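One letter stands for each residue in the lines below.
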Amino acid sequence: MKKTLPFTWLRSTTASMLVAVVALAGSFHSNTLQADETCMSPYMAKIVGQEDYVYVWTLGVEGMGDEQDKLVTVSVNPDAKDYGEVVHTLSVGGRNEAHHSGLTDDRRFLFAGGLDSNKIFIFDIHSNPREPKLHKVVTDFVEKTGGMVGPHTFYALPGRIMVSALSNNADHGGRTGMAEYTSEGEFVASHWFPTDDNLRGAEKSGNIADGYGYDVRALPRRNVMLTSSFTGWSNYMMDFGQMLSDAEAMKRFGNTMIVWDLHTRKPKKVFDVPGAPLEIRCAWSAHNNYCFTTTALTSQMWLIYEDEAGEWQAEAVADIGDPSKVPLPVDISITADDTGMWVQTFMDGKTRYFDITDPHNPVQKYEHVIGSQVNMISQSWDGKRAYFTTSLLGNWDKTGKDDEQWFKLYHWNGNQLEHQFTIDFYELKLGRAHQMRFGAYSLYSQAPNSSDTVVSQLDK
Amino acid sequence: MQHPMPILRILGLVFLLINPVALTVFASTDDATLESAVFGSGDRKQGYDTDQYVTNSLSITARKGAKADLLKYINEPILGLPAVSQPVDNIATVEKVELGRLLFFDRRLSLNDTFSCAICHIPEQGFTSNEIKTAVGIEGRSVKRNSPTIYNIAHYDILFQDGREDSLEQQAWSPLLAHNEMANPSIGYVINKIKAIKEYQGLFEQAFDGKGPTMETVGKALAVYQRALNSANSSFDQWKYGDDENALSQDEIAGYQLFAGKAACASCHLIGADYALFTDNQLHNTGHGYATSMGIKPPKTRVQLAPGVFVDVDNEIINSVRQQPKQNDVGRYEVTQNPYDRWKYRTPSLRNIALTAPYMHDGAFSTLREVVDFYNRGGIENELLSPLIRPLDLTEQEIEQLIAFMQTLTGSNVKTLVADAFAAPIGDISKEDPNWAHDTQYSD
């Protein structure tokens, strides 16, 4: 039985006004703006019940199938007759280094980026959630932003999509920024990350202001936006084994996180967080003013939190696995009640569950080998379903028999993961499975397997 | 390890203090920013091997410069260099220089619009890449050799590290078509793309007597721009050829004497009576290529994870994420198939050597110190080792003096050349361009 929140799509102008009001008020009612998958933008519409589809942004592989990137739609509603099957694929042309994707605030469109080609593919997922359509391709991201390369995270703000980049068109290194687009895919502004010659008003709280970028997340009730830092094109596109053996290249990783003023988009404070802090996941509860990240190279969990004096701080709070073995923590996901966090470690193919009830003292409670390699996780709002995929980057994935590429569903019973199904993306000649986003008919007041709007539900 | 750049900057500051003309030139804030931006990547990593590393980073938007008269670097010999030899059918003109520069920085001249010549030959990084040992091409494909600097490329008789080309006009097409570089599928594809980009409308015709973009004119334009990137009149040149006996310090002079004498560097890196190319335009086996092809690696590799944080990683783990086996490299042999040419590589010019790390054909050495240590040991023994390579028995002081000398080889016009490059537009795909990868149904 699906539950549906009111369809809360706002026109961009109205939405922009809303963010201003939220920022001025300094408070935020989380119950009114929620998301289904945990850790999503609180500005997004939300699926309360069962998701119908998972959209998997998938990298094409030279010599396999049609060799190009595609959006793969997997049916995940156990009531559907095609449960656990790929029901649609949409090839977009080229190997763009498909990586992350993000939904607009109204969830009608999915923005998906190519870290290599710098294209942004905007999919219409509302007209027929089962069969997304390619609505628009933004080809001029680099030119419009003034030289940013590698559109990475797509994070919904009211009427806007914030796009953090990884690199630049001058030297393909790590100095970069983030760009602001409308939900319609029109460029609005560039926000470059602070460097020593131009801190853009931010405080350099430690030794480092490298100007690198990766993820972006917001805590609207605190008027805070956070960014993290990875590496530039020359590294993320390089053969991973080659890069590990290149001493110069290994110096080119991000070591910072930045706290921004969400409303003004101005950087406020640059933290030293050494070892490539990647994914940022923020707590959901109205009183939990903190976010987590993990450092890919140094294998640490960091807490970025607001202290009692109202000052933002960064603190290393736990090791993940044995850092000397470089397990490479990648995607993370916090449970909806802020008590647990899943951490994937790519090299050993494990997922680890940490109790984060005390965010300053996370404790690992459980671990499970998902496969020879694992990267992304998306868990449902109720925490009962966890989806996993494999690919890290086209030239970083494992090779030979360890280069498994799949989509898996597990159920979490609170104590252990129970495998439900696996879809082998190589067997289906699809490519490398990367990031996942949820879709549901209920979002658009549609009946399952129909593109018709059920008018009677619009007023609920 | 100590990167040579800080020493260079200190030398630059000393230069400023003793040279009132220079003080005038670099007086304004903008000039100071430019001065800071042109020598090395703005993403500075000096001291990164310690946990006390402090950034001194520059923003990408600080890369601002001014167009220069590059033609004079072809037509007017620079102190320390001979006159530039030009093909009779491609005499440089302003129009050709400007067109060549436009092409050089145009990322659209690759299969997926992401790669220009300048992505591997980065102006402020010595027109090479200081940030990676070996080049990375389109879609991250591995190139097995270090990007060579193109400073003073006009004075090479042979091009590429294995000398497989001898004409800049022809050379330009190799990276454009190489599968692991810019990956264009054909010559015609490139020509048609250029014809479709509005910025080039009329420019070829203007530069080449009415002739539009062709295989010949594209190669010629790129050749002329690169032929203009001559850089000399260094401190060394002023001392050696300019009769300025104060241009070098005593240690630098001692380094020069070692270079030309005991260390015998000048046997290959030639210094003449009237000019110095610092290359013999020949290929030699120093043993470095041999060792890389035939050597046995230790079971672990030291990997840096963060400032001052290193781990020794099992090579088995590294190999588990290596997409392709490390490409073998047999040097000149790959061109001639002559077994006597195994592991021979072109002698690089040492001009601007302080700006062009990492060193050797595969970028294996991060610093000049490592390079000098290698030659001081006599290279690596193998049956084809050049007879010019032998143990040098240099003392610690002599090594330092030798390095000090090599750091005097930075040309006086580096700032001008890099600033000129900064002023060049970077060609990125825009809505003005044909939407070659997507049907109109997907566009606005």
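Residues numbered from 1 in each chain as written. Chains lettered and ligands numbered in written order. Predicted model: local features only at pLDDT ≥ 70, side-chain atom pairs only at ≥ 80, totals over all residues.

**Student:** Please provide a residue-by-residue account of the overall build of chain A, values included.
**Tutor:** Check the secondary structure of chain A and you find four helices and 29 strands. Counting only residues that meet the buried cut, chain A has 61% of its 460 residues in that class. Sequence separation of 24 or more characterises 54% of the internal contacts of chain A that already satisfy a separation of 6 or more. (Helix = DSSP H or I, 4+ residues; strand = E, 2+ residues; numbered from the N terminus. Buried ≥ 20, exposed ≤ 12 C-beta atoms within 10 Å, placed from the backbone. Contact = placed C-beta atoms within 7 Å.)

**Student:** Which residues make up the sheet that holds strand 29 (residues 432-439) of chain A, and what are the values?
**Tutor:** Picture the strands of a sheet paired through backbone hydrogen bonds; they go either parallel or antiparallel. Residues and elements named next belong to chain A. If you trace the four strands from one edge of the open sheet to the other, you get 3-2-1-29, paired in antiparallel fashion. A single partner strand is all that each edge strand has here, and the edge strands are strand 3 (86-91) and strand 29. For this sheet, the mean angle separating the axes of adjacent strands, direction not counted, is 25°. Strand direction decides the pairing type here: strand 1 (residues 53-59) and strand 2 (residues 70-75), joined by six bridges, are antiparallel. Counted as the bridge partner of Val 54 is Val 74 from strand 2. (Pairing = 2+ DSSP bridges. Axes fitted to C-alpha atoms, helices over the stretch in contact; angles between N-to-C directions.)

**Student:** Give me helix 16 (residues 368-376) of chain B: which residues, what numbers.
**Tutor:** Residue and element names in this part refer to chain B. Residues of helix 16 that are buried include every one of Leu 368, Val 371, Val 372 and Phe 374, and no others. Down the axis of helix 16, the sector holding all buried residues measures 155°, keeping them to one side. For helix 16, the secondary structure elements touched by its buried residues are helix 13 (288-294) and helix 17 (396-406). Positive phi shows up at Gly 378, right after helix 16, with a value of about 90°. (Arc of directions from axis to C-beta.)

**Student:** Describe the interface of chain A and chain B, naming the residues involved and giving the relevant values.
**Tutor:** Counting residues at the interface gives 61 residues for chain A and 57 residues for chain B. Listed by contribution, the elements that provide at least two residues to the side of chain A that touches chain B are strand 7 (133-138), helix 2 (141-145) and helix 4 (240-244) of chain A. The dominant element in the side of chain A that touches chain B, judged by the number of residues it contributes, is helix 4 of chain A, at four residues. Here the side of chain A that touches chain B is built from residues that sort into 18 nonpolar, 26 polar and 17 charged. (Nonpolar A, V, L, I, M, F, W, Y, C, P; charged D, E, K, R; others polar.)

**Student:** Describe the nonpolar core, listing the residues and the values that go with them.
**Tutor:** In terms of nonpolar packing, the biggest core is built from 236 residues, with A:Val54, A:Val56, A:Cys291, A:Ile304, B:Ala228 and B:Met406 touching the most fellow members. For A:Val54, the residues in contact, after removing those within four places along its chain, are A:Val74, A:Val76, A:Tyr387, A:Met436 and A:Phe438. (Core = buried A, V, L, I, M, F, W, Y, C linked by C-beta atoms within 7 Å.)

**Student:** So what about the packing of helix 12 (residues 250-260) of chain B against helix 17 of chain B? Which residues, and what values?
**Tutor:** What describes two packed helices is the angle between their axes and the distance between those same axes. All names here are of chain B. The interhelical angle for the contact between helix 12 and helix 17, taken along N-to-C directions, is 95°, at an axis separation of 7 Å. The pairing of helix 12 with helix 17 is recorded here as roughly perpendicular in orientation. Along its contact with helix 12, which presents Asp 251, Glu 252, Ala 254, Gly 255, Tyr 256, Leu 258 and Phe 259, the element helix 17 presents Glu 398, Gln 401, Leu 402, Ala 404 and Phe 405. Its residues assigned to classes, the contact of helix 12 with helix 17 shows seven nonpolar, two polar and three charged. (Parallel < 35°, antiparallel > 145°, perpendicular 65-115°, else oblique.)

**Student:** Explain the confidence of the model for chain A to me, and be specific about the residues and the numbers.
**Tutor:** Residue and element names in this part refer to chain A. When pLDDT is averaged along chain A, the result is 90, and 89% of the positions lie at 70 or above. Contacts from residues 1-35, a stretch scored under 50 in pLDDT, to residues over four places away or in other chains number 61 contacts. Considering only residues more than four positions removed or in separate chains, one finds that residues 451-460, a stretch of pLDDT under 50, has 17 contacts. (pLDDT = per-residue confidence, 0-100.)

**Student:** Describe in detail the sheet that holds strand 15 (residues 256-261) of chain A, supporting the description with residues and values.
**Tutor:** All names here are of chain A. Ordered by their spatial adjacency, five strands build an open sheet running 12-16-15-14-13, and the pairing between neighbours is mixed. Of all strands in the sheet, those with a lone pairing partner are strand 12 (203-204) and strand 13 (216-219), marking the two edges. One ladder, built from two bridges, connects strand 12 with strand 16 (residues 266-272); its direction is parallel. In the strand pairing of strand 16, Glu 203 is matched with Lys 269.

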